[in-house]
Amino acid sequence: MEINASLLINQMLFGLALGAVYILMACGLTIIFGLLDIVNFAHGTFYMLGAFAAFVTVSLFGNFWIGLASAIILVGLIGWVTETFLIKPLYGKDPLYPLMLTFGFSLAVTDLMRGIFGTVGRIVPLPQFFIGSIVWEGVFIPKFRVFIIFLTLGVLIFLWYFFKKTNLGMIIRAATRDSLMVRTLGIDVPRIWTFGFALGVGLAGLAGAVNSTIQSALPDMGVEITVECFVVVVIGGLGSLGGAILGGLIIGQVISFVSLFASDWSNVAIFITMLLILLVRTRGLFGEAGRL
Amino acid sequence: MKKVSLIVASVFLVTLLFSGVASAKPIAALLFPLSGPFSAMGTDMRKGSELALEEINAKGGVLGQKAEVIMGDDEFQAAIAIRKYKEMVDGQGIKAIGGTLSGGISVAVNEWACKNKVLYMSFCHTSIPLGKEQCGYGFVSGMIPYQTGVATAKYAFQNLGKSWMIVTQDYRFGHDELSAWLTVSEKMGGKFLGNIYSPLGQVDYSAHIPKIVATNPEILVINVYGQSMDAIIKQLGEAGLTNKKMKFVIPKSHLFTIKASGAFYTENFYGGHTFYWTLQDKFPKAKKFVEDYMKKHGAPPSQDSDGGYVGTRALLEAMNVAKTTTDVDKLIKTLKGFKMDYNKGPEEFRACDHIRTTSVVIVRGIGAKASGMNYGEVVAEIPWQETLESCENNKNDVPYGKVKLPGK
């Protein structure tokens, strides 16, 4: 096989699409950590729930777009309920409690889903117009991967606008810096936390719905991506949205290019990358510089 | 007061009744990966074992008693499997264990069984009849991984093309299949274009697609299993590659994979199976197996169902023949050369290396035409004589064990 410019560009584009999913996931995790100071071990579980939400709604309505929208909404609602009834009572207690709770939640929900849907992968069919690749001068990329890249871009623009230009977004940003002050101003901060958690897991749900079409919806599907997502967030710096984006891009490219030259190292490579970055910047690339 | 007494007495009686059942001494312990990346296949394997147990009990059980067999989850981890087997062997006095669905795990369990002088019936593709792994306590109701590699490679080089590339899951099973393909390729004039190692559990193969397209082989061998197999097929389909010229050969495919891949599992896909449900048209006893399985579980049996069924049934029948459930030496003696006519015509556990003498079925996809139970068509059945090495070769783990794998 000849290593030429087309191949390298292909590899870069596939890496970008890979990174886009990590960005969706990592942004959600970052919002939750930045706002609530909670390390959400159940993030992969919400990703899995998004995949099944897409499966169920696409099966019922036969529409891919309804599947995507329902993944964010349904998973966001589940997140809302989870935060209100399970996580909220633990605020102010040892940080280990919510960590253990989300870990236990992920085990319980995964088992529950296994009981309901079994262990055989559920298909979320890809719409016909997404099947196939765009080819130009030896460079190609599957149409659906292009969609993933633009979808993530759209989500990032929305998040930027939301956090920078809307009142609610600015309140959330303020709450991440000094929740006591925001509370003093008469704002219902616990409600803001609930919203932030729902938004964060909703993004994970969206990522799950996207990936359910190119993998399969499976109860165990959230396990591996949770670890990878933590790597992305740690590389970028805990609590930093910009860091989550950069971390996702880096990890996408690392996996893509290591797969080309030394495929059996692709899994290990992301951890080596994390190690190298942490050796240089112990708080990650954008850690501490700016939360949300 | 009378009512209360009646309720208390009823509860007591029911408890007594069920405690009687529960205290029946288990005679075998079977573990399957009911969670983890191979859980769908593990569940199928368990279903096969359940059917075999039910049939044996319907015919009078083992040594005149209802057979009690413990079934559980090994969580797809060798350490957990061994811990659970040990608990059951030490705690319940069980001398026969079975199950597992991974070449690596079954090798570890086999080693433990040998050290502890326990009979082990592996239900999966495993190398325990080879070389130093061959310790005398292990039997296999699946097959040796190289067999599906040899069968699919022979079929591919005869019918599909010569140039090939392979994606290999980076563990024992994948390595065995790869070495089989490399060996057959050399013998049959195949042109090897490259290998991509894939970590166990990988579900996104998109980063490998540019390399595959740039290499442009006639045959792409998908040497991965479980969720990874479903994922790579979907991603090749997503990129629009599954309905072009390239042929795809899966040494060990699965009914669930064909189903989960949907229309992407086109006529360009050829998969090796140790059992496919349409074999019922060829073997009358397979028809009964398929019908009974479907009646009990509502879906056709897969090769893992067959592995679980054959392994469990043979183990329990051997106990009846040997007239013991705990004398390991007698059980091994009985199982050596044990003749069976279950699902695929006359077969046996070869006396020298304890491997089931069974064929490989090549199933071709039918793409969008798939409906109901109809997922593919059997295009060939490669007899065991064409895939299984001699006793001497297996004992010395040649030729496949001596192949230098790329990058290793």
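Provided above is the structure to which this section pertains.
Let me begin by describing the structure that accompanies this report.

Rules behind the numbers
Note on numbering: residues in each chain are counted from 1, in written sequence order. Ligands are numbered from 1 and chains lettered from A, in the order in which they are written. Since the coordinates come from a predicted model, pLDDT governs what is reported: local features require at least 70, and pairs of side-chain atoms require 80 or more to be given and counted, while whole-chain, interface and lining totals use all residues. Our contact criterion uses C-beta atoms placed from the backbone: two residues qualify when those atoms are within 7 Å. Helix and strand labels come from DSSP, where a helix needs a run of H or I of at least four residues and a strand needs a run of E of at least two; each type is numbered from the N terminus. Gly is put with the polar residues, along with every residue not named as nonpolar or charged; the nonpolar set is Ala, Val, Leu, Ile, Met, Phe, Trp, Tyr, Cys and Pro, and the charged set is Asp, Glu, Lys and Arg. One requirement defines pairing of two strands: DSSP has to find at least two bridges between them. Lines fitted to C-alpha atoms define the axes, with helix axes restricted to the stretch in contact, and inter-axis angles between N-to-C directions lie between 0 and 180 degrees. Crossover handedness is defined here as right-handed if the route from the first strand over the helix to the second strand goes clockwise, with the strands pointing away from the viewer. Multiplying one less than the number of residues by 1.5 Å gives the expected span of a helix. To sort residues by burial, count the other C-beta atoms lying within 10 Å of each one's C-beta; a count of 20 or more means buried, 12 or fewer means exposed, and anything in between means partly exposed. C-beta atoms are built from the backbone. Starting at the helix axis, one direction is taken to each C-beta atom, and the arc is that of these directions.

Topic: the interface of chain A and chain B
Okay, step 1: Between chain A and chain B, the residue contacts involve 35 residues of the former and 37 residues of the latter.
Okay, step 2: Looking at the side of chain A that touches chain B, the elements that each hand over two or more residues are helix 1 (5–36), strand 2 (139–142), helix 5 (143–165), helix 10 (241–261) and helix 11 (266–280) of chain A.
Okay, step 3: Per element, the largest residue contribution to the side of chain A that touches chain B is seven residues, and it comes from helix 1 of chain A.
Okay, step 4: Taken together, the residues of the side of chain A that touches chain B sort by class into 17 nonpolar, 14 polar and four charged.

Details of the sheet that holds strand 14 (residues 376–382) of chain B
Residue and element names in this part refer to chain B.
Okay, step 1: If you trace the seven strands from one edge of the open sheet to the other, you get 7-6-8-9-10-13-14, paired in mixed fashion. Two strands lie at the open edges of the sheet, namely strand 7 (191–198) and strand 14, each paired on one side alone. When strand polarity is set aside, the average angle formed by the axes of neighbouring strands in this sheet is 20°.
Okay, step 2: Bridging between strand 9 (residues 247–250) and strand 10 (residues 269–273) involves three bridges; their strand directions are parallel.

Quick notes on the pairing of strand 2 (residues 69–73) of chain B
All names here are of chain B.
Okay, step 1: Across five bridges, the pairing between strand 1 (residues 28–32) and strand 2 is parallel. Its bridge partner being in strand 2, Ala28 is matched across the sheet by Val69.
Okay, step 2: Note on the crossover from strand 1 through helix 2 (residues 39–58) to strand 2: the handedness is right-handed.

A few points about helix 6 (residues 172–188) of chain B
Okay, step 1: Relative to the 24 Å expected for 17 residues at 1.5 Å per residue, helix 6 of chain B spans 24 Å between its end C-alpha atoms, a close match to the ideal helical length.
Okay, step 2: Just downstream of helix 6 of chain B, B:Gly189 is the residue with a positive phi angle, here 75°.

Section: the sheet that holds strand 2 of chain B
All names here are of chain B.
Okay, step 1: Ordered by their spatial adjacency, five strands build an open sheet running 2-1-3-4-5, and the pairing between neighbours is parallel. With partners counted over all chains shown, the strands left at the sheet margins are strand 2 and strand 5 (138–140), one partner each. Each strand axis lies, on average, 20° off the axis of its neighbour in the sheet, ignoring direction.
Okay, step 2: In the sheet, strand 1 pairs with strand 3 (residues 96–99) via three bridges, with the strands oriented parallel. Bridging across to strand 3, Ala29 finds its partner in Ile97.
Okay, step 3: Packed on one face of the sheet, helix 2 meets strand 1, strand 2 and strand 3 and runs near 155° to strand 1.
Okay, step 4: Strands strand 1, strand 2 and strand 3 of the sheet are contacted by helix 3 (residues 78–92), whose axis makes an angle of about 165° with strand 1.

Brief notes about helix 12 (residues 328–335) of chain B
In an α-helix, one turn spans 3.6 residues; hence positions three or four apart end up facing the same way.
Residue and element names in this part refer to chain B.
Okay, step 1: Those residues of helix 12 lying buried are Leu331, Thr334 and Leu335. One side of helix 12 holds all its buried residues, which, seen down the axis, span an arc of 95°.
Okay, step 2: In this structure, the buried side of helix 12 is in contact with strand 3, strand 4 (119–122), strand 5 and helix 11 (303–322).
Okay, step 3: Of the residues trailing helix 12, Gly337 is marked for its positive phi of about 75°.

Some words on unusual backbone geometry
Residue and element names in this part refer to chain B.
Okay, step 1: Residue Pro399 is bonded to the preceding Val398 through a cis peptide linkage, with omega at 0°.
Okay, step 2: By the secondary structure assignment, Pro399 is in the segment after helix 13 (391–396).
Okay, step 3: Notably, Leu63 is not glycine yet its phi reads approximately 50°, a positive angle.
Okay, step 4: Of note, Leu63 is situated in the loop between helix 2 and strand 2.

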